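Chain by chain, the residues:
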Amino acid sequence: MMKVLTVVGARPQFIKASVVSPRLRHGADEVLVHTGQHYDVSMSDVFFSELGMPQPDYHLNVGSASHGEQTARMLSGLEPIFMREAPDVVLLYGDTNSTLAGALVAAKLTIPVAHVEAGLRSFNRAMPEETNRIVTDHVASRLYCPTPGAIRQLEREGIPGALLTGDVMDELVLNTPWRRDLLSSLQLEPRQYYLVTIHRQENTDDPGRLKNLVEGLSALPGHIVWPIHPRTAKRLEEDHLLGHLGSSVRLLDPVGYQDMITLEAHAQGVLTDSGGVQREAAALGVPVFVLRNETEWTDLVDSGRAVLVGTDPGQILDAVRMAPMTPYTLHLDRRPSEIIVEDLHQHYE
Ligand code: UD1
Ligand code: UDP
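The rules behind the values
Residues numbered from 1 in each chain as written. Chains lettered and ligands numbered in written order. Predicted model: local features only at pLDDT ≥ 70, side-chain atom pairs only at ≥ 80, totals over all residues. Heavy atoms only, no water. Near = heavy atom within 4 Å. Polar contact = N/O pair within 3.5 Å; in protein donor to acceptor, adjacent residues only side chain to side chain. Areas by Shrake-Rupley, 256 points an atom, 1.4 Å probe, with all protein chains shown as cover. Nonpolar A, V, L, I, M, F, W, Y, C, P; charged D, E, K, R; others polar. Helix = DSSP H or I, 4+ residues; strand = E, 2+ residues; numbered from the N terminus. Buried < 20%, exposed > 50% of the residue type's maximum accessible area, 1.4 Å probe, protein only. Arc of directions from axis to C-beta. Contact = heavy atoms within 4.5 Å. Core = buried A, V, L, I, M, F, W, Y, C linked by side-chain atoms within 4.5 Å. Expected span 1.5 Å × (residues − 1).

S.K.: Explanation requested: the site of ligand 2 in the structure shown.
M.R.: Surrounding ligand 2, one finds 19 residues, the nearest of these being R200, V255, S274, G276 and E280. Here an oxygen atom of ligand 2 and a side-chain polar atom of R11 are 2.9 Å apart. In isolation ligand 2 has 530 Å² of accessible area, and contact with the protein removes 96% of it. Per-class residue counts for the shell around ligand 2 are 10 nonpolar, 5 polar and 4 charged.

Spelled out as structure tokens, the structure:
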């Protein structure tokens, strides 16, 4: 039987793997490794229980550190596991340091890598994720692309043979029921609030940008709901920006997946620098304002389902006033997870 070793470590990877792993386990052995990059209950455990993810077979507990230190801990933790398990293929998701570490260890041991979310580029080399994406794609043997643009990008980089799968996150969004009682428990009315998430290094670690964001969000009309990433919560406190938040801004601890989808689906608009959140909100037909200068999900911007607004308070306000954007309904011809699992069997059985 084919043996697949999956590496996860950060919130969006638990969510993506929860779509593919159950399908994979029907006809293959899966070994699941959690690097421990995310470790708070609200950033990790909650997704395993809520989304019915199998518990990891290995947990590296690497925790937080600088990029080099964190990745180094992952490399030395993963190598003996890959050697002991000798999988037919290593399955990786997205663009985190956990993805990069899995790709490097597999490549050095000449174990094939399959990469879900291949071919995305922001063309901003200062973004840690851009390095992770490029390295992973260039050592991968099977490249699963969410969009046709991602396939074309890989071809431009001299990597042929990528497979168009669609986005596994779209698959999950469409199958997630909303929590009807959530809005009332938060005293929110549908379409009467904006939902915000911020966690990108370029936004959190630049005090000027973070201050601009705080100002811009505080000036928005109506209620603002902001489930806050621990990284951003720490920075707001360190930079003494909590007192600058307007009274309309409500900070929440990170919420579970079903709560998040419910909040996205009923928002008047979603302001975010998250890859996954911009994708999900667009899939739900909600206007998306991307708090960055560029996005790797260019298909959303090109099709008018999202707009790039950066972090300037005036630009944020103007963009929100101009909404609504192009109405959109998501259709999936085939389930991305089905295409991925079928391809793995075809190549590594
Ligand atoms: C990481 C990924 C990013 C992804 C994001 C998803 C990299 C380089 N970045 O960014 O691509 O979009 O995850 O959320 O891999 N922290 C906690 N508790 C936790 C996890 C993190 O307090 O459970 C705090 C720590 O202070 C840590 C900081 O958040 O230093 C950043 O965490 P880290 O995993 O390094 O990067 P993210 O910003 O979460
Ligand atoms: N998410 C969540 N609770 C939150 C914030 C995000 O469940 O409080 C989910 C969101 O719905 C999406 C994923 O986490 O599925 C996105 O993760 P994140 O924004 O951390 O990372 P990115 O997608 O930018 O890599």
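S.K.: Whenever I open this one, the site of ligand 1 confuses me. Can you help?
M.R.: Of all residues adjacent to ligand 1, which total 20 residues, the nearest are H38, N97, E129, H199 and R231. Side-chain polar atom of H38 to an oxygen atom of ligand 1: 2.7 Å apart, as the coordinates give it. Separating an oxygen atom of ligand 1 from a backbone N or O atom of N97 is a distance of 2.8 Å. Coverage of ligand 1 by the protein chains reaches 90% of its 740 Å² of free accessible surface. Listing elements by their share of the shell around ligand 1, those giving two or more residues are helix 3 (67–85) and helix 11 (230–238). Counting residues per element, the shell around ligand 1 draws most heavily on helix 11, which supplies 3 residues. A breakdown of the residues in the shell around ligand 1 according to their chemical character gives 5 nonpolar, 9 polar and 6 charged.

S.K.: Honestly, helix 6 (residues 148–156) in this entry has me stumped. Any pointers?
M.R.: A turn of α-helix holds 3.6 residues, and therefore any two residues three or four places apart point the same way. Taken together, the buried positions of helix 6 are A150, I151, Q153 and L154. An end-on view of helix 6 places all buried positions within 160° of arc, on one side of the element. Buried positions along helix 6 lie against helix 5 (128–139), strand 6 (142–145) and strand 7 (163–164).

S.K.: Can you help me understand the nonpolar core in this one?
M.R.: Residues L5, F82, V90, Y193, L195 and L263 are the most contacted members of the largest nonpolar core, which totals 50 residues. Setting aside its immediate chain neighbours within four residues, V90 contacts L5, V7, F82, G102, A106, I111, P112, V113 and A114. One finds L24, A114, V168 and Y257 within the second-largest nonpolar core, a separate group that totals 31 residues.

S.K.: What should I look at first to understand helix 5 in this one?
M.R.: An ideal rise of 1.5 Å per residue puts 16 Å on 12 residues; helix 5 measures up with 17 Å between its terminal C-alpha atoms. Among the residues making up helix 5, those that are buried are P128, E129, E130, N132, R133, I134, T136 and D137.

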